[in-house]
Amino acid sequence: IAYASGYDMSSKIKVVPDSIRIIGSEKLISQIHGVSTKKVELKNVNSNIERSLQIEMTDLLKQLKISDENVTIKGYVEKFTEGTFNVPVTIINLPADTNINYFPKTIPVAYNVSLNNYKLVKPSDFRIECNYKDINSTEKTFLIPKLVKVPEIVKSARLKQHKVEFILMQ
């Protein structure tokens, strides 16, 4: 599926029915591990998808009886936009007797969300962590931030910075 600029699927594609019944000899059925549809290419998609697809009738399937020869795919397509928030960095697994100063204290997070849900997303919906234990195990002079919490309504999110510098305080 190729979407028009600014559009994307807002949920997973649903296949109806999600399974089909196959009737025949156990010997033949035991050779089947899945059933495919004929390939379809959709271009410049900017509206909801609802399309009937034929089951790909392999030589093996032609010897059996199947409950459905077509399935319908359905998907909800919406206009998407990108947003950015500065999200605080949290250091985890820091020993109680250790003081650390790190920079930056916040990292920009870019995210894609449907236009309808844009105003629902808040910086507190995201969480960035750096694991102090990574310093000892890798002996690096910087921490690697990880985006560990992203709201479900966000399609994708990425950090705009991939290093956190630190100084151990005495």
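Caption draft 1: Layout of the overall build of the protein. In terms of helices and strands, the protein carries three helices and 14 strands. A compact globule built from 170 residues should have a C-alpha radius of gyration of about 15 Å, whereas the protein, at 24 Å, is more than 25% larger. Here the C-alpha coordinates of the protein stretch approximately 75 × 40 × 20 Å along the principal axes. Of all 170 residues assigned to the protein, the portion counted as buried reaches 29%. Nonlocal contacts in the protein, meaning residues at least 24 apart in sequence, comprise 67% of its contacts between residues at least 6 apart. As displayed, the protein has an accessible area near 11500 Å², and 48% of this comes from carbon and sulfur atoms.

Caption draft 2: Fine view of the confidence of the model for the protein. This prediction gives the protein a mean pLDDT of 92; 98% of its residues lie at or above 70. Here helix 3 (residues 133-138) stands out as the element of the protein with the lowest mean pLDDT, 75, in contrast to strand 12 (residues 146-149), whose mean of 97 is the highest.

Caption draft 3: Molecular detail of the sheet that holds strand 2 (residues 14-16). Pairing is antiparallel in the open sheet, where three strands are placed in the order 2-6-4. Lying at the two open borders of the sheet, with one neighbouring strand each, are strand 2 and strand 4 (49-54). On average, each strand axis in the sheet is tilted by 25 degrees relative to the strand beside it, whichever way the strands run. Inspection of the sheet shows strand 4 paired to strand 6 (residues 70-75) by six bridges, in the antiparallel sense. Its bridge partner lying in strand 6, Leu 53 is registered against Val 71.

Caption draft 4: Region of the structure containing the pattern of salt bridges. Per the stated rule, a full pass over the model turns up five salt bridges. The residue Lys 155 makes a salt bridge to Asp 8 at a minimum N-O spacing of 3.8 Å. Here Asp 8 lies in strand 1 (residues 7-9) and Lys 155 lies in strand 13 (residues 154-159), a separation of 147 residues in the sequence. Overall, Lys 155 belongs to the partly exposed group, its relative accessible area being 41%. Residue Arg 158 pairs with Glu 82 through a salt bridge whose shortest N-O separation is 3.4 Å. Placement of the pair is Arg 158 in strand 13 and Glu 82 in strand 7 (residues 77-92), with a sequence separation of 76 residues.

Caption draft 5: Representation of the pairing of strand 14 (residues 164-169). Bridge count between strand 8 (residues 99-103) and strand 14: five bridges; the pairing is antiparallel. Bridge assignment links Ile 100 to a residue of strand 14, and that residue is Leu 168. Pairing of strand 11 (residues 142-143) with strand 14 involves two bridges; the strand directions are antiparallel. Counterpart to Phe 142 in the pairing with strand 14 is Glu 165.

Definitions and cut-offs
- Residues numbered from 1 in each chain as written.
- Predicted model: local features only at pLDDT ≥ 70, side-chain atom pairs only at ≥ 80, totals over all residues.
- Heavy atoms only, no water.
- Helix = DSSP H or I, 4+ residues; strand = E, 2+ residues; numbered from the N terminus.
- Rg over C-alpha atoms; globule rule 2.2 N^0.38 Å.
- Buried < 20%, exposed > 50% of the residue type's maximum accessible area, 1.4 Å probe, protein only.
- Contact = heavy atoms within 4.5 Å.
- Areas by Shrake-Rupley, 256 points an atom, 1.4 Å probe, with all protein chains shown as cover.
- pLDDT = per-residue confidence, 0-100.
- Pairing = 2+ DSSP bridges.
- Axes fitted to C-alpha atoms, helices over the stretch in contact; angles between N-to-C directions.
- Salt bridge = Lys/Arg side-chain N within 4 Å of Asp/Glu carboxyl O.

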